[in-house]
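Given next are the chains, with one letter for each unit.
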Amino acid sequence: MKKPTIADVAEKAGVSKPTVSRYLKQENVKPQIAEKIQAAIDELGYVPKGASVKEETLFSVPEKKEPVKKEEVKKPKAKAKKSVEKKGYKLALLTKDLSDYRTRTMLKYLQQTLSAAGCMLQIVMTEGKEELEEQYLTTFIVQNVNGILIESCSSAEFIMKQLRTTAIPYVFLRSHMEGNDVAMDEVHAANLLAKYLLDKQHLIIRYLGSDEELTKDHLEGIRNAYHALKQPIDIIPVISDGTYDDLFEKIKDVFKEKIDLLILQSDEMAIPVNKYLKEYHISVPQNVSMVCFGGTSITNVMSPAITSLQYDYEAYTSYVCQCLFAMIEKKMLPEKKPFYRVEEKDSVR
């Protein structure tokens, strides 16, 4: 009879071969996954290389270790205070690219917060390639990092499938990720901006974006605000590849018709848009109003200064770190609050 293989065990347990391999090495595997693997091993009679067949039990499900209570650790008060401030965790972050201002800003504040807490952050860029995401996630799991942050990825479903087999806490930083309670609530942020626009009675709106998922969140929030007041709205998204040249071309299509308002997904987009408006003698806000998401210094140096939905990325990344620390330490998550507000300038009539 053919001896069962690790692939047979994986198929029987309904998991991947790397997950079975991690279990055999007694590395990070969730208890419920470990039970399925052990049951498959027992049923198939699988014996790994180097193991003794005379043993009654080849493997056992790792016992869940209770966290050490603070009162059981006898340390001077001064040292105990220092251990709370300096977490010393090994963390990893996965992102598609670093070109987006939003991403760069969040990474800047994440580094500051984690450095102050004595944590190490490993950052990898995948260019949205699924094979690289799988490779890096496997590496993080083998390294037994304390926590994983997903800033952006090719598929949230694929990432979650990979991470469900581990006990490593993870956090998505994009609000459209399923079951994610930590991310910035982009739908609510757009809803807040839309309530401001309703007061200005803007009804014919065009939205210029580059991230399709973020576009969906923003449009949902805007439409919800208008529909709540039974106010009709004509809003159409225009998607660009994010480069200045393509944005310049896309804006030409936008202004082929008369509109009340142009919404920019990020304030960096205002640079090529402003160039187009000046070349074609379109005045803001006399001919068209303009708002953007972001609220960086770009909004202030434009003429006129642009009304924006401003994000407090420093406060938000601090909150993200607190949440990840709480997950690692099996504590209650801190209360979430809005990290954005409307900053009115001169670009809306």
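Presented here is a report on the structure given in the accompanying data block. (Residues numbered from 1 in each chain as written. Predicted model: local features only at pLDDT ≥ 70, side-chain atom pairs only at ≥ 80, totals over all residues. Heavy atoms only, no water.)

1. Considerations on the pattern of salt bridges
Piece 1. Tallying each qualifying case throughout the model produces 15 salt bridges.
Piece 2. For K12, the salt bridge identified is with E43, shortest N-O distance 2.9 Å. Taken together, the residues K12 in helix α1 (residues 6-13) and E43 in helix α3 (residues 31-44) connect sequence positions 31 residues apart.
Piece 3. The closest approach of N and O atoms between D253 and K256, which form a salt bridge, is 3.3 Å.
Piece 4. Note on D253: relative accessible area 41%, which makes it partly exposed.
Piece 5. Beyond isolated ion pairs, a larger network of salt bridges with shared partners links K87, E329 and K331. (Salt bridge = Lys/Arg side-chain N within 4 Å of Asp/Glu carboxyl O. Helix = DSSP H or I, 4+ residues; strand = E, 2+ residues; numbered from the N terminus. Buried < 20%, exposed > 50% of the residue type's maximum accessible area, 1.4 Å probe, protein only.)

2. A closer look at the packing of α1 against α3
Piece 1. Packing of α1 against α3 brings their axes to within 8 Å, and their N-to-C directions diverge by 120°. Considering the angle they form, α1 stands oblique to α3. The interaxial crossing formed by α1 with α3 has right-handed handedness. From α1, D8, V9, K12 and A13 reach across to α3, where they touch K36, I37, A40, I41, E43 and L44. (Axes fitted to C-alpha atoms, helices over the stretch in contact; angles between N-to-C directions. Parallel < 35°, antiparallel > 145°, perpendicular 65-115°, else oblique. Left-handed = near helix turned anticlockwise from the far one by under 90°. Contact = heavy atoms within 4.5 Å.)

3. With respect to the packing of aromatic side chains
Piece 1. Following the criterion strictly, the structure yields nine aromatic pairs and no others.
Piece 2. Between F248 and Y276, the aromatic rings sit 5.7 Å apart at their centres with planes inclined by 75°, giving edge-to-face as the arrangement. In this pair, F248 sits in helix α10 (residues 244-254) while Y276 sits in helix α11 (residues 270-279), placing the two residues 28 residues apart along the sequence.
Piece 3. Considering the side-chain rings of Y276 and Y280, the 4.4 Å spacing of their centres and the 25° angle between planes classify their relative orientation as stacked.
Piece 4. Assessed through its relative accessible area of 6%, Y276 is described here as buried.
Piece 5. On the basis of relative accessible area, Y280 is assigned to the partly exposed category, the value being 46%.
Piece 6. Following the ring pairs from residue to residue traces out a cluster consisting of F248, F255, Y276 and Y280. (Phe/Tyr/Trp six-rings, centres within 6.5 Å; stacked < 30°, edge-to-face > 60°.)

4. Looking at the nonpolar core
Piece 1. Grouped together as the largest cluster of nonpolar side chains are 49 residues, with contacts concentrated most on L91, I263 and Y316.
Piece 2. Looking at this core, the element that brings in the most residues is helix α13 (residues 313-328), giving nine residues.
Piece 3. The contact partners of Y316, leaving out residues within four places of it in the chain, are M106, L173, V182, A183, M184 and F339.
Piece 4. Among the nonpolar cores identified, the runner-up in size contains 23 residues, and L208, I251, V273 and Y276 belong to it. (Core = buried A, V, L, I, M, F, W, Y, C linked by side-chain atoms within 4.5 Å.)

5. Quick look at the sheet that holds strand β3 (residues 147-150)
Piece 1. Strand order in the open sheet formed by four strands is β2-β1-β3-β4, and the pairing between neighbours is parallel. Edge strands, defined here as strands with exactly one partner in the open sheet, are β2 (120-125) and β4 (170-172). For this sheet, the mean inter-axis angle between neighbouring strands, taken without regard to orientation, is 20°.
Piece 2. Pairing between strand β1 (residues 90-95) and β2: six bridges, direction parallel. Residue pairing for β2: L91 is matched across the bridge by L121.
Piece 3. In the packing of helix α7 (residues 156-163) onto the sheet, the strands contacted are β3 and β4, and the crossing angle to β4 comes to about 170°. (Pairing = 2+ DSSP bridges.)

6. Topic: helix α6 (residues 130-142)
Piece 1. Compared with the 18 Å implied by 1.5 Å per residue over 13 residues, the 18 Å span of α6 between its first and last C-alpha is a close match.
Piece 2. The set of residues buried in α6 consists of E133, L137, F140 and I141. Each buried residue of α6 lies within a common arc of 95° when the element is viewed along its axis, so the set occupies one face. Away from its buried face by more than 90 degrees, α6 exposes E131 and V142.
Piece 3. For α6, the secondary structure elements touched by its buried residues are α2 (17-24), β1, β2, β3 and α7. (Expected span 1.5 Å × (residues − 1). Arc of directions from axis to C-beta.)

7. Considering the pairing of strand β7 (residues 261-264)
Piece 1. Here β7 shows a buried face lined by L261 and I263 and a second buried face lined by L262 and L264.
Piece 2. Both β7 and strand β8 (residues 289-294) contribute to a ladder of four bridges, which runs parallel. By the bridge assignment, I263 is partnered in β8 with V291.
Piece 3. Traced from β7 through α11 to β8, the parallel crossover comes out right-handed. (Right-handed = clockwise from strand over helix to strand, strands pointing away.)

8. Focus: the sheet that holds strand β5 (residues 204-209)
Piece 1. If you walk across this open sheet you meet the six strands as β6-β5-β7-β8-β9-β10, and the pairing is mixed. The open sheet has two edge strands, β6 (234-239) and β10 (340-343), and neither has a second partner. Recorded for the sheet is a direction-independent mean angle of 15° between the axes of neighbouring strands.
Piece 2. Across four bridges, strand β9 (residues 307-311) lies against β10 in antiparallel orientation. In the strand pairing of β10, Q310 is matched with R341.
Piece 3. Of the strands in this sheet, β5, β6 and β7 touch α10, which is tilted by about 165° from β5.

9. Side note on the environment of V273
Piece 1. Counting through the fold element by element, V273 comes out in helix α11.
Piece 2. A relative accessible area of 0% places V273 in the buried class.
Piece 3. Distance from V273 to L208, taken between C-alpha atoms, is 9.9 Å for residues 65 residues apart in sequence.
Piece 4. Excluding anything up to four places from it in sequence, V273 contacts L208, I251, L262, L264 and M290.

Geometric descriptors of this kind do not, in isolation, establish any biological role.
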